[in-house]
Amino acid sequence: MLSPYDWNEAIRQRAEYIEERLAEGSPVVALSCREGILLATVRGTQRKLFEIYDRLAFAALGQQADIEALRLNAIDFAHAEGFARSPDDVTIGRVVAALSPAVKKAFGDPLAAPLVARSLFAEVGATPETDHFYALGYDGEFRAFRRLAVIAGSPTAEEQMRACLAEALGSGEIPSLREGRRHALRAWAAGWAARRSRGQKAEPAGEQDLDAVLGEALREGEVEMALLDRSTHRQCRFRVLREEETESERE
Amino acid sequence: MAALEHCPSGDFLDLLRRREHPFAVGAPVRPVETGQPLIEAHGTTVLAVKYAGGVLNVGDRRATSANAVMYDRAEKILEVDDTTLLAISGSYARALEVVRYLRHAFHYYRRTQLQEMSLEGKLSEVSRVVAQNVASAMSGLGAFLPVISVYDATRGEGRIFFYDGLGARFESEEWGAAGSGAERIRGAFDYILKTKGRFRDMSLDEALSEALVLLDIAAEMDAMTGGYDKVLPSAKAVSAAGIEHLPEERLREAVSRIRRGA
């Protein structure tokens, strides 16, 4: 029979196993801008930013199969609900709350494979004050955020990214999309620089260092950005930003 | 959600079936037991004509039940996605449900599969919902027929498709029409083609004038079709630029052009 100690130990090992696999993941930044919600990351060949529903977007880092399972489940839930009731009833909070128990169950069940993924969900509102963000962990735990949300390979990296964004955004004015793109890439670099710095407090990198980190990363990867457009009349707010729209800030 | 199971094919009907949604599972249709079959009476006229650059759809706004006018602001030209218009005739309730279904089905496919559903795929999806409705329509409830207008980017032209009650699809060269008034004005379409040339060579405003005249003729011959005197019809166009909702102002100008005989 399993003792409580065994259970604790098993969970700890599972968490360690997952953290190890997440550590090298490319961070994702989501940020409320005046034009809408900007999502930004640097990717290899796989797409990382996805549309879930009319006003909802999703991004994750981790293992592809698990990301795909989360993405498809979120889309299934959103569309079944949107059709059964109305598109206005599909909110990001409901989608995350619907996914969370299954993720927690997979994590806690010693006979099931846990989901190796950290995910970010965003919903664009009519104004930046009504934008919603959620981060969902591999253990099913989720947190709501306002104005911005980040996911990265480690909690330390996420802290660095939030610190970087807090400094850039200052007193709380909502940035334009143009400013947002610059802030998002800086924050990405801060998170990327802090990867593998688990446990120990990394020194926040200076601006020049961040540019160097970004430049280095872009030799192999490419910038991917998407916008949940606040003002479009189209029903679907999500669009991937074209290359020329993402490049302007990287002089 | 007990486990993370999902529907990998991108088939929205399959998703609804798994969740036992009534749209997919279908309510059992009971044979009509009374001597009088239950027949919904719906009248309307919707029409689609090509113009240089795309397809224009015009529909009257009248909703009827038997010989009562229920509503004079019904919207019968509906956007399914950025390049697809659906004009409905027949059971309004069922048609609206089908449009809601198609909107979700097209988006669902695109979002799960990360690619746009092909035009052929979309047209088959429409066939499928029409065919699925046969049993219900045969019992006297919920019969509807759609006219689909799309902008085909690979060919660079607008295209019009219409369906029969069993879901067979036909492509039309110049125009499509459906509803109780449509049958009475078939000859008028031909007359325009033979005396004024092809619709696809007309400008949007020329096509709009012709379409409004056709609708007015339908309204005169069919009591269940509203014309343009009391309430302006709805008019939408689909072209390379997407779907354009023609404003009332433009329709009012077209109507006054017709009245002046210009």
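In short, a report on the structure.

About the thresholds
Residues numbered from 1 in each chain as written. Chains lettered and ligands numbered in written order. Predicted model: local features only at pLDDT ≥ 70, side-chain atom pairs only at ≥ 80, totals over all residues. Heavy atoms only, no water. Helix = DSSP H or I, 4+ residues; strand = E, 2+ residues; numbered from the N terminus. Rg over C-alpha atoms; globule rule 2.2 N^0.38 Å. Buried < 20%, exposed > 50% of the residue type's maximum accessible area, 1.4 Å probe, protein only. Contact = heavy atoms within 4.5 Å. Areas by Shrake-Rupley, 256 points an atom, 1.4 Å probe, with all protein chains shown as cover. Lys, Arg positive; Asp, Glu negative; His and termini not counted. Charge placed at Lys NZ, Arg CZ, Asp CG, Glu CD. Salt bridge = Lys/Arg side-chain N within 4 Å of Asp/Glu carboxyl O. Polar contact = N/O pair within 3.5 Å; in protein donor to acceptor, adjacent residues only side chain to side chain. Nonpolar A, V, L, I, M, F, W, Y, C, P; charged D, E, K, R; others polar. Pairing = 2+ DSSP bridges. Axes fitted to C-alpha atoms, helices over the stretch in contact; angles between N-to-C directions. Parallel < 35°, antiparallel > 145°, perpendicular 65-115°, else oblique. Left-handed = near helix turned anticlockwise from the far one by under 90°.

**Quick notes on the overall build of chain A**
Looking only at helices and strands, chain A has seven helices and ten strands in total. For 251 residues, the compact-globule formula gives about 18 Å, and the C-alpha radius of gyration of chain A, at 18 Å, lands near that figure. Taken along the three principal axes of its C-alpha coordinates, chain A extends 60 × 50 × 35 Å. Looking at chain A residue by residue over its 251 residues, the buried ones come to 56%. Expressed as a percentage of contacts within chain A between residues at least 6 apart in sequence, the contacts between residues at least 24 apart total 68%. Looking at chain A as shown, the accessible area adds up to about 11500 Å², and 50% of this sits on carbon and sulfur atoms. If you average the places of the 33 positive and of the 41 negative side-chain charges in chain A, the two averages end up 2 Å apart.

**With respect to the overall build of chain B**
In terms of regular secondary structure, chain B is built from eight helices and twelve strands. Relative to a compact globule of 262 residues, whose C-alpha radius of gyration would be 18 Å, chain B shows 19 Å and is just as compact. Among the 262 residues that make up chain B, the fraction classed as buried is 48%. Long-range contacts, defined here as pairs at least 24 residues apart, represent 64% of the contacts in chain B between residues at least 6 apart.

**Observations regarding the pattern of salt bridges**
All names here are of chain A. Applying the stated criterion to the full structure yields 44 salt bridges over all chains. One salt bridge connects Glu19 with Arg118, and the closest N-O pair in it is separated by 3.2 Å. Of the two residues, Glu19 sits in helix α1 (residues 4–22) while Arg118 sits in strand β5 (residues 117–123), which places them 99 residues apart along the sequence. For Glu19, a relative accessible area of 14% puts it in the buried group.

**Digging into the interface of chain A and chain B**
Each partner contributes to the interface: chain A provides 29 residues, whereas chain B provides 25 residues. For the interface between chain A and chain B, the tally reads four salt bridges. We note a salt bridge from A:Asp54 to B:Arg111, for which the minimum N-O separation is 3.0 Å. Inspection of the region where chain A meets chain B yields eleven residue pairs in polar contact (both at pLDDT 80 or more). Secondary structure elements with two or more residues in the side of chain A that touches chain B: β3 (49–53), α2 (64–84) and α3 (92–108) of chain A. If you tally residues by element for the side of chain A that touches chain B, the top one is α2(A), at 13 residues. The residue makeup of the side of chain A that touches chain B, split by class, is 17 nonpolar, four polar and eight charged.

**Observations concerning the sheet that holds strand β8 (residues 157–163) of chain B**
As a general point, the strands of a sheet are linked pairwise by backbone hydrogen bonds and lie either parallel or antiparallel. All names here are of chain B. Pairing in this open sheet of five strands is antiparallel, and the strands run β5-β6-β7-β8-β9 from one edge to the other. Of all strands in the sheet, those bounded by a partner on one side alone are β5 (77–81) and β9 (169–172). Going across the sheet, the axis of each strand differs from the next one's by a mean of 30°, ignoring polarity. Relative to strand β7 (residues 144–152), strand β6 (residues 84–90) runs antiparallel, the two being bridged by seven bridges. Within the sheet, the bridge partner assigned to Gly90 lies in β7 and is Phe144.

**Side note on the packing of helix α4 (residues 155–169) of chain A against helix α5 (residues 177–193) of chain A**
Residue and element names in this part refer to chain A. It is the contact of α4 with α5, at a shortest axis distance of 8 Å, that shows an interaxial angle of 150°. The orientation of α4 relative to α5 falls into the category roughly antiparallel. In this structure, α4 meets α5 at a crossing whose hand is right-handed. Residues Ala157, Gln160, Met161, Cys164, Leu165, Ala168 and Leu169 of α4 pack against His183, Arg186, Ala187, Trp188, Ala190 and Gly191 of α5. Considered class by class, the residues forming the contact of α4 with α5 number nine nonpolar, three polar and one charged.

**Description of the pairing of strand β11 (residues 234–239) of chain B**
Residues and elements named next belong to chain B. Most of β11 sits inside the fold, with six of its six residues counted as buried. Both faces of β11 are covered, namely the face carrying Ser234, Lys236 and Val238 and the face carrying Ala235, Ala237 and Ser239. With six bridges joining them, strand β2 (residues 54–59) and β11 adopt antiparallel strand pairing. Each residue of the ladder has a partner; that of Gly54, found in β11, is Ser239. Alignment of β11 against strand β12 (residues 242–245), held across four bridges, turns out to be antiparallel. Residue Val238 lies in a different strand from β12, and its bridge partner there is Ile243. Linkage of β11 to β12, two consecutive antiparallel strands, is achieved through a turn of two residues.

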